[in-house]
There are 2 protein chains.
Amino acid sequence: MTKTILLKNRPEGKPSMSDFEFKTEESENTVNQGELLLETKYVSVDPYLRGRMSDAKSYVPPFQLNKPIQSGVIAKVLESKNDKFKAGDFVSGMLNWQTIQISNGEGLTKVDPSKAPLSAYLGILGMTGLTAYTGLTEIGKPKARETLVVSGAAGAVGSVVGQIGKILGLKVIGIAGTDEKIELLKSKFGFDAGINYKTTKDMKAAIAEAAPNGVDIYFDNVGGPISDAVLVNINRLARIIVCGAISVYNNTEAPKSLSVQPFLVKNSALMQGFIVSNYTDKFPEAMKQLSTWLAEDKLTYSETIVKGFDNIPSAFIDLFEGKNKGKMVVEL
Amino acid sequence: MTKTILLKNRPEGKPSMSDFEFKTEESENTVNQGELLLETKYVSVDPYLRGRMSDAKSYVPPFQLNKPIQSGVIAKVLESKNDKFKAGDFVSGMLNWQTIQISNGEGLTKVDPSKAPLSAYLGILGMTGLTAYTGLTEIGKPKARETLVVSGAAGAVGSVVGQIGKILGLKVIGIAGTDEKIELLKSKFGFDAGINYKTTKDMKAAIAEAAPNGVDIYFDNVGGPISDAVLVNINRLARIIVCGAISVYNNTEAPKSLSVQPFLVKNSALMQGFIVSNYTDKFPEAMKQLSTWLAEDKLTYSETIVKGFDNIPSAFIDLFEGKNKGKMVVEL
C-alpha cells in the first residue's frame, strides 16, 4: 500500500492538521522505460512550504489542492529503468509526500550514505547548507572582522550561516527564542553572542550592546519586529539577506513593520530577497566547500528527527512554534 | 554686508522658520593665497537636507547648530588667488547659505553659462541629473520594455528619472500629488501614465491597472504608504532604488509600513538605499550622457525658482508640501 499526503485546504493563518489529507491506495509499481520506483526514507519540512500552500503570486507555483505536497526527499531506488540510477542507490530531490513513488529521474541527485548520514543531504549538504553558503557569500559579501547578525539562528539555515560566518572571520550574533537555543548557539556553533528575543525587553538596545561596532550583515530568516530591531543598528553599506520571514508567513493580513526606506537611504544599505534556486551556478563550489568544512570538523549541525510518515504534517506545523533545533526532518 | 543663514534648532517634525537664524555682518573680503571670494547666485534646496538637520547617525555628518547651513550653490568668482579659477568664472559646489563667502576652491567645479542656464547646474546637469541617471542605471539596471514606477515623479529627480526611462525604452508610470503635476508628467515629460495619490482611493489597484505586467523597477523618492502600494505589485527580480523617503522625513516617531521582507523574498527582489555620492566614478559618463540628451532635446526639466536670499528657508520648507514642480532653486 502507498500512503500520500494531499493539500486539502489552503491554510488560513497557521496551518492545521485539517489542511492535510491522507490517502492510502494500492501501490502503483509499474516502472516504465526511463523511470524509477522509489521508497521514501527522509522528508524535509521547511518554512518556505507555507508559501506554496497559499495561492498568492510567488517564485514557485502554489501546490494544487487535492494533489500531493512536495518537498526535499531522500529516497531509495527499489527498481530502475533509468540509466543514471540503479536499484539500491539513494537519491535526493523534490518528491511527493508519499511512501512509494515513481519518478522519471528528472532533478534527482545520487547521494552517498558512506560520506554523510542520509538526512544530512536534506540539511547541511542540501538546500539548507546551500542556502546558508550562497546567501551569506553572494549577497552578504562578508569581510573579516565585520559583524553578522543572524535571526532564526538556531534553525536549520541560521545555525549554518553563523558557523560559516565564524570560519570567514566575522563577529557573529545569533537571535533565537529559548535560553537553551542561545546556549547551543554559543557552545555548539561557536557564535560570539546570542539574544533570546522572547525574554529581551529592548531588542534594539540588546543588539546595540552585542554589536558595539554596528551591524554590517544581517541574515534575516524571520522578518517582523526582530528585524526592525536589527535594522536600526545597521552600518553604512550594510547588506541584508532576506532569506525568510517565518514570523509573518502565517499572518492573514499583510503585517506592518518599521519603514525600512529611511534606514536604507541613510546607510546606502542593500536588502535583497534571497532564493537559493537563483544561484544554481554556485552550487558545485558551495557543495565542495561545505563538504570540506564538514570533513574538517569546522562545521557541525543539529537535526530534529521526527519518526513516521504520518507525522509529516505535525512536524511541519511545529516549525512555526520553533519546536525544532536545526533541520527538521521526518524519517520513515 | 554679508547675510548668512544658520541652523538655530534641530527641527522637530516639519522644519519651521524658527529653526533658522539670519545673521548680517560686515563682509570679510580678505582673500588669502589659494582662496576665492564668491558671490552666491543660486542656492539649491533639497529634501535630503532635512536629514542633515537632525543629529541621527547618517551618511553625512549633521549640520552643526549655530553654523551656516550648506547645500549646492552656484556662485560668481569676484576675486581669485587660486590658480584654477579667475574673477568672472562661475562655480558650482557645496557652499554656505551666505551671500558672500570665501572658499579655498576645494570641491568647486567651473560651470559654463553659455552652455546651459546657471540654475541647470544645480538640477539636470548637477546632483539632480546625476542622481536620476546613476540611480536608475546602476541599481535599476533597466532593460527595454520593462515597467518603471517613479514616486515623487514631478519632483526634481523624479521627472528626470521618468524621461531617462522613456529614452531607454521603458514603460514609465509616475506618482504625484496634484492633477496638474500628473498632466505635466504626461504632456511635458512623456510618462506613459500618472497616478494622483491624493485623489486615488485604492493605490494598489491603480498601480496594478497602470502596470498590467507588474513593476520591474521602482524609483522611490517618498517611502510610506505609496511605496507599500507599489511593493505589492513588483515582479520577480524587481529592483527598488530607495533614493528618498520625503513622506517620512518629518516623522518624529519611526513610521510603520508594510513589512517588505515577504515581498522581497517571494520575488527575489532587491531594495537598495541610494546615495549619489557613492557613484562619483560614474559622474563623467553620466554628465556626458545628460548633456548630450539635453542638447538633443531628449531631456527637458522644470524648475521652481524662488527669488531672494531671505526666502531660502521658506523654499526649503515648501518642499515638504510639494509646492515645487521640478527642481527648487533660490535665485539671489
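Residues numbered from 1 in each chain as written. Chains lettered and ligands numbered in written order. Predicted model: local features only at pLDDT ≥ 70, side-chain atom pairs only at ≥ 80, totals over all residues. Heavy atoms only, no water.

Trainee: Quick question: what am I supposed to make of the overall build of chain A here?
Mentor: Within chain A, the regular secondary structure consists of 10 helices and 16 strands. For a compact globule of 332 residues, the expected C-alpha radius of gyration is about 20 Å, and chain A comes in at 20 Å, within 12% of that figure. The principal-axis extent of the C-alpha atoms belonging to chain A is close to 65 × 45 × 35 Å. Looking at chain A residue by residue over its 332 residues, the buried ones come to 56%. Carbon together with sulfur atoms contributes 49% to the accessible area of chain A, which is approximately 13900 Å² in total. Treating the 38 positive side-chain charges of chain A as one cloud and the 36 negative ones as another, the clouds have centres 5 Å apart. (Helix = DSSP H or I, 4+ residues; strand = E, 2+ residues; numbered from the N terminus. Rg over C-alpha atoms; globule rule 2.2 N^0.38 Å. Buried < 20%, exposed > 50% of the residue type's maximum accessible area, 1.4 Å probe, protein only. Areas by Shrake-Rupley, 256 points an atom, 1.4 Å probe, with all protein chains shown as cover. Lys, Arg positive; Asp, Glu negative; His and termini not counted. Charge placed at Lys NZ, Arg CZ, Asp CG, Glu CD.)

Trainee: I would appreciate a short explanation of the domain arrangement of chain A in the present structure.
Mentor: Residues and elements named next belong to chain A. Taken domain by domain, chain A holds domain 1 (2-122 + 302-331) and domain 2 (127-277). One C-alpha centre belongs to domain 1, the other to domain 2, and the line joining them spans 28 Å. Carbon and sulfur atoms supply 58% of the area that domain 1 and domain 2 bury against each other, a total of about 1300 Å² over both sides. Linking domain 1 with domain 2 are one salt bridge. (Domains from an automatic or database assignment. Buried area = accessible area lost by both parts, 1.4 Å probe. Salt bridge = Lys/Arg side-chain N within 4 Å of Asp/Glu carboxyl O.)

Trainee: Which parts of the structure should I look at to understand helix H5 (residues 203-210) of chain A?
Mentor: Structural remark: α-helix, 3.6 residues per turn; residues separated by three or four positions point the same way. All names here are of chain A. Buried within H5 we find Met203, Ala206, Ile207 and Ala210. Each buried residue of H5 lies within a common arc of 95 degrees when the element is viewed along its axis, so the set occupies one face. One side-chain oxygen of the residue at the start of H5 lies 3.3 Å from the amide nitrogen of Lys204, identifying that residue as Asp202. (Arc of directions from axis to C-beta. Polar contact = N/O pair within 3.5 Å; in protein donor to acceptor, adjacent residues only side chain to side chain.)

Trainee: For this particular structure, what's the right way to read helix H2 (residues 127-139) of chain B?
Mentor: All names here are of chain B. For H2, spanning 13 residues, the distance from its first C-alpha to its last is 17 Å, which sits close to the expected 18 Å at 1.5 Å a residue. Counting buried positions over the 13 residues of H2 gives 11, a clear majority of the element. Burial in H2 covers these residues: Thr128, Gly129, Leu130, Thr131, Ala132, Tyr133, Thr134, Gly135, Leu136, Thr137 and Ile139. The first or second residue beyond H2 is Lys141, which carries a positive phi of 40 degrees. (Expected span 1.5 Å × (residues − 1).)

Trainee: Is there a simple way to think about the pairing of strand S14 (residues 270-273) of chain B in this case?
Mentor: For a regular strand, the rule is simple: side chains alternate between the two faces of the sheet. Residue and element names in this part refer to chain B. Residues Leu270 and Gln272 line one face of S14 and the alternating positions Met271 and Gly273 line the opposite face, and both faces are buried. Alignment of strand S12 (residues 234-242) against S14, held across four bridges, turns out to be parallel. Each residue of the ladder has a partner; that of Val242, found in S14, is Gly273. (Pairing = 2+ DSSP bridges.)

Trainee: Looking at this structure, I do not really get the packing of H2 of chain B against helix H3 (residues 156-167) of chain B. What am I missing?
Mentor: In helix packing, the relevant descriptors are the interaxial angle and the interaxial distance, both defined with respect to the helix axes. All names here are of chain B. Look at H2 against H3: their axes get within 8 Å of each other, and the N-to-C directions meet at 50 degrees. Viewed along their axes, H2 and H3 adopt a mutual orientation that is oblique. The element H2 and its partner H3 pack so that their crossing is right-handed. Residues Thr128, Gly129, Thr131, Ala132, Tyr133 and Leu136 of H2 lie in contact with H3, whose contacting residues are Ala156, Val157, Val160, Val161, Ile164 and Gly165. Considered class by class, the residues forming the contact of H2 with H3 number eight nonpolar, four polar and no charged. (Axes fitted to C-alpha atoms, helices over the stretch in contact; angles between N-to-C directions. Parallel < 35°, antiparallel > 145°, perpendicular 65-115°, else oblique. Left-handed = near helix turned anticlockwise from the far one by under 90°. Contact = heavy atoms within 4.5 Å. Nonpolar A, V, L, I, M, F, W, Y, C, P; charged D, E, K, R; others polar.)

Trainee: Quick question: what am I supposed to make of the packing of aromatic side chains here?
Mentor: What describes a pair of aromatic rings is the distance from one ring centre to the other and the angle between the planes of the rings. Going through the model one piece at a time under the given rule, you end up with 12 aromatic pairs over all chains. A ring pair is formed by Tyr133 of chain A and Trp293 of chain A, whose centres lie 6.0 Å apart and whose planes are at 55 degrees; its orientation type is tilted. In this pair, Tyr133 of chain A sits in helix H2 (residues 127-139) while Trp293 of chain A sits in helix H9 (residues 283-295), placing the two residues 160 residues apart along the sequence. An identical accessibility class is assigned to Tyr133 of chain A and Trp293 of chain A; each is buried. Measuring from centroid to centroid gives 5.4 Å for Phe316 of chain B and Phe320 of chain B, while their planes differ by 85 degrees, and the two rings are edge-to-face. Just as Phe316 of chain B is buried, Phe320 of chain B falls in that class too. (Phe/Tyr/Trp six-rings, centres within 6.5 Å; stacked < 30°, edge-to-face > 60°.)

Trainee: Sorry, what's going on with the relation of the copies chain A and chain B here?
Mentor: The operation relating the pair of chain copies consists of a rotation about an axis and a translation along that axis. Mapping chain A onto chain B calls for a screw motion: a turn of 180 degrees about the axis and a shift of 0.0 Å along it, with 0.0 Å RMSD after fitting. These values place the two chain copies in the arrangement generated by a two-fold rotation axis. Most of the interface of chain A is mirrored in chain B: 100% of its interface residues are interface residues there too. (Least-squares fit on C-alpha atoms with pLDDT ≥ 70 in both.)

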